[in-house]
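So you can see what is in the structure, the chains are spelled out below.
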Amino acid sequence: MQDNTQLPNSGNRTSRPVPPPIIGPETTYEGIGASKGIAIGECYAFIKEESKHEIRELTDKNISEEIEKFRSALNRSEHELKKIEHVTIRKLGKSYSNLFQAQIMMLHDPILINTIANRIRSERKGAHLVIEEEFDQYLQKFKNSEEVIFQDRADDLLDIKNRIIRNLHIRKLHSWIPEGVIVSSDNLSSADIILLSRSNVKGFVTDSGGKTSHISLICKSLNIPIVVGLGNLSTKVATGMQMIIDGSTGAVITNPEEKTVEQYLRKKESEKKNEDDSSSRAELPATTKCGVRITFYANIDFKEETLGLTTAGAEGVGLFRSENLFTEGTKVPRESEQYACYLEMAEAIAPMPLDIRLFDIGGDKLIYSPVKEPNPNLGWRGIRILIDLPEILDAQVRAVIKANKHGNIDILIPMIMSLEEIRNVQAAVDRHYSDLLRETDDQLEKPGVGAMIELPAAVEIIDEITRCVDFISIGTNDLTQYTLAVDRNNVIVQDLFEKFHPAIIRQLHRIIRTAYNNHCKVMICGDMGSDPLALPFLLGCGLRKFSVVTSDIATLKSMVSHFSIAETEALANQCLRLDTSSAIKACLEDFQAAHE
């Protein structure tokens, strides 16, 4: 049913008319598919309104007026966000409403408010200039971070800044757009997505954003395709232009020819059938053709993602990236905040397991970074920081133990390179567990401790590691990066980042077989675990537990039923004898084609 509630504009945007587009040749652009689905229709260019401000020095008389104007803008922004929060609850339940609660909390941050007010007073600058400068400091750090989570947060922070500045001028703009269009924009906020979706939007395309950004997660929940990370596409499209977007592959096609439209209509119909078939079996156990049980868990970034895990086919959370709790980038979440989050998640999915990775933070991740490291990927990050700053580790460990009332939480240690690091965390868990048993009458379970295997050093001592931890989880992204000495974010050498390199698949086989021999539970949580091409190879190595992107679970579970373990073991042995990436991929492709 159409929701006709009148709401303020979602941010500093307008939907002004643009000239009719010039029909040009069919053109394909490659972005990042962040919410699957195919949309075919007219583009609507959602254009950012440029703010124009008078730059002048304030007089004694109007300094107080400027500060009052700033405070009024905060109040109006809060009023808007509360209305948007109500719409979010109606559309998605309470799962994403806390995104707007977090923004409202920022509007009440005394440090931010006092800093801006004091600068207006001491520097005699207009409120808009000070707000721009204060927020842009954080925005620049977020955008420069090599951690995807913080890059994704930039759009949410930008929305708060633009909202406050717009409300300084008391402009009441509305987010009306035509029904059933594909919205194109340079960037979109969570509020934009919620409000624009009320017009039955077919899909979204944005210049910025990532797979784990809030807008991508909201689109997944709304079942709306979105392609992000398109560079400057918004400058090349116009309202009325015909467009196709593929939220799975990240392809965006403008001015598609008739044969292309027909091709994507067929693909859309085929995907719908496959999705219906997979979804109908998603909640059923995954078993191979020969009856071996395979378990699929979910990788998640936000606690809201615990909703609907069972429907998607997940049997728990194999990786929760807890660094996402650093909502302001530099502020360590309090023990009480962590406890509330972990407890809510654990209760939501109990008795299914919840594996919480300890904060994987570092010099490039906006916390405790007095200097910019020349090579942050080889610097102060992960467990190294937690050992050097035990107050952060202690607070997180205590929060996890207190939240483990259902006994379904385990801890994962990131960036392990030595047994000393593991023993340091195990000692902290033992110490705080004993202390908390004395402090409380609550029934508490001691969490298990697992190690992330993502460094070549960890692979070399995998026998020792798997004898002293409860489980291991293979992070193939970093393992590939460090083994091949290829920065996965460096476009110059990106083609060298090859997950099917002989060295990588041999490491995976060694890790899995060693864990199996030492009776240590093992799973994979990197991107390779979601790759259908890699699935039979990993099964052949002996892997029985996968932690993957939630939206991939149904498809992977369906694929498992096509293979027998004997077939996959033969495949693994064949691949392990090959000496080039191309030969390995060809072998995997032949196997997949034979089992489709």
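In this report, we go over the structure that sits alongside the text.

About the thresholds
- Residues numbered from 1 in each chain as written.
- Predicted model: local features only at pLDDT ≥ 70, side-chain atom pairs only at ≥ 80, totals over all residues.
- Heavy atoms only, no water.
- Helix = DSSP H or I, 4+ residues; strand = E, 2+ residues; numbered from the N terminus.
- Contact = heavy atoms within 4.5 Å.
- Areas by Shrake-Rupley, 256 points an atom, 1.4 Å probe, with all protein chains shown as cover.
- Buried < 20%, exposed > 50% of the residue type's maximum accessible area, 1.4 Å probe, protein only.
- Axes fitted to C-alpha atoms, helices over the stretch in contact; angles between N-to-C directions.
- Parallel < 35°, antiparallel > 145°, perpendicular 65-115°, else oblique.
- Left-handed = near helix turned anticlockwise from the far one by under 90°.
- Nonpolar A, V, L, I, M, F, W, Y, C, P; charged D, E, K, R; others polar.
- Pairing = 2+ DSSP bridges.
- Phe/Tyr/Trp six-rings, centres within 6.5 Å; stacked < 30°, edge-to-face > 60°.
- Lys NZ or Arg CZ within 6 Å of the ring centre and 35° of its normal.
- Core = buried A, V, L, I, M, F, W, Y, C linked by side-chain atoms within 4.5 Å.
- Salt bridge = Lys/Arg side-chain N within 4 Å of Asp/Glu carboxyl O.

Observations regarding the overall build of the protein chain
Then, in step 1: The secondary structure content of the protein chain amounts to 21 helices and 19 strands.
Then, in step 2: Pairs at least 24 residues apart make up 71% of the contacts formed inside the protein chain by residues separated by at least 6 positions.
Then, in step 3: Put simply, the protein chain shows about 25900 Å² of open surface, and 51% of that area lies on carbon and sulfur atoms.

Examining the side chain of Ser 473
Then, in step 1: Secondary-structure assignment places Ser 473 in strand E17 (residues 471-474).
Then, in step 2: By relative accessible area, which is 0% here, Ser 473 ends up buried.

Topic: the packing of helix H1 (residues 60-92) against helix H3 (residues 110-123)
Then, in step 1: Here H1 crosses H3 at 155 degrees, and the two axes come no closer than 9 Å. Classed by the angle they form, the pair H1 and H3 counts as roughly antiparallel. Note that H1 runs across H3; the crossing there is right-handed. Every residue of H3 that contacts H1 at Ile 63, Glu 66, Ile 67, Phe 70, Arg 71 and Leu 74 is listed here: Ile 113, Ile 116, Ala 117, Ile 120 and Arg 121.
Then, in step 2: For the contact of H1 with H3, the class distribution of residues is 8 nonpolar, no polar and 3 charged.

Things to note about the sheet that holds strand E8 (residues 226-228)
Pairing between the strands of a sheet is mediated by backbone hydrogen bonds and can be parallel or antiparallel.
Then, in step 1: On the basis of which strands lie adjacent, the open sheet formed by 8 strands has the order E2-E10-E9-E4-E6-E7-E8-E3 and mixed pairing. Where the open sheet ends on each side, the last strands, each with one partner, are strand E2 (27-30) and strand E3 (32-35). Neighbour to neighbour, the strand axes of the sheet diverge by 30 degrees on average, direction disregarded.
Then, in step 2: Pairing between strand E4 (residues 38-45) and strand E9 (residues 242-246): 5 bridges, direction antiparallel. Bridge pairing in E9 places Ala 39 opposite Ile 245.

Structural notes on the packing of aromatic side chains
Then, in step 1: Overall, the coordinates contain 2 aromatic pairs when judged by the stated rule.
Then, in step 2: A ring pair is formed by Phe 296 and Phe 546, whose centres lie 5.2 Å apart and whose planes are at 25 degrees; its orientation type is stacked. Separated by 250 residues along the polypeptide, Phe 296 in strand E12 (residues 293-300) and Phe 546 in strand E19 (residues 545-549) bring together distant segments of the chain.
Then, in step 3: Take Phe 296: its relative accessible area is 0%, and that puts it in the buried class.
Then, in step 4: For Phe 546, a relative accessible area of 0% gives the class buried.
Then, in step 5: Note on Phe 563 and Phe 591: the rings are 5.5 Å apart at their centroids and 45 degrees apart in plane angle, and the pair reads as tilted. In this pair, Phe 563 sits in the loop between helix H19 (553-560) and helix H20 (565-576) while Phe 591 sits in helix H21 (residues 581-595), placing the two residues 28 residues apart along the sequence. Phe 591 shares its class with Phe 563; the two are buried.
Then, in step 6: Its guanidinium or amino end placed over the ring of Tyr 339, Lys 402 lies 5.6 Å from that ring's centre, counting from NZ or CZ.

Quick word on the nonpolar core
Then, in step 1: Grouped together as the largest cluster of nonpolar side chains are 93 residues, with contacts concentrated most on Phe 296, Tyr 342, Ile 465, Ile 472 and Phe 546.
Then, in step 2: The contacts of Phe 296, once residues within four sequence positions are left out, are Ala 286, Gly 313, Ala 314, Glu 315, Leu 535, Phe 546, Val 548, Ile 553, Leu 556, Lys 557 and Val 560.
Then, in step 3: Counting 57 residues, the second-largest nonpolar core is a separate cluster that includes Phe 70, Leu 112, Phe 142 and Leu 196.

As for unusual backbone geometry
Then, in step 1: Ala 350 connects to Pro 351 through a cis peptide bond whose omega is 5 degrees.
Then, in step 2: One can find Pro 351 in the loop between helix H10 (335-349) and strand E14 (354-357).
Then, in step 3: The backbone of Arg 124 sits at a positive phi, close to 55 degrees, despite the residue not being glycine.
Then, in step 4: Residue position: Arg 124 is located in the loop between H3 and helix H4 (127-144).
Then, in step 5: By relative accessible area, which is 28% here, Arg 124 ends up partly exposed.
Then, in step 6: In this model, Ala 485 sits at a positive phi of 55 degrees, which is unusual for a non-glycine residue.
Then, in step 7: By the secondary structure assignment, Ala 485 is in the loop between helix H16 (476-484) and helix H17 (502-517).
Then, in step 8: You can call Ala 485 exposed: its relative accessible area is 70%.

Side note on the pattern of salt bridges
Then, in step 1: Going through the model one piece at a time under the given rule, you end up with 33 salt bridges.
Then, in step 2: The partner of Glu 80 in a salt bridge is Arg 166, with the nearest N and O atoms 2.8 Å apart. A residue pair is termed long-range when its members are at least 10 positions apart, and Glu 80 in helix H1 and Arg 166 in helix H5 (residues 148-168) qualify at 86 residues.
Then, in step 3: You can call Glu 80 buried: its relative accessible area is 0%.
Then, in step 4: Among the ionic pairs, Arg 357 bridges to Asp 360, the shortest N-O distance being 3.9 Å. By the burial criterion, Arg 357 is buried, and Asp 360 matches it.

So, helix H7 (residues 214-222)
Then, in step 1: Burial analysis of H7 places 7 of its 9 residues in the buried class, the great majority of the element.
Then, in step 2: Taken residue by residue, H7 has His 214, Ile 215, Ser 216, Leu 217, Ile 218, Cys 219 and Leu 222 as its buried positions.
Then, in step 3: Positive backbone phi, at 60 degrees, marks Asn 223, one or two positions downstream of H7.

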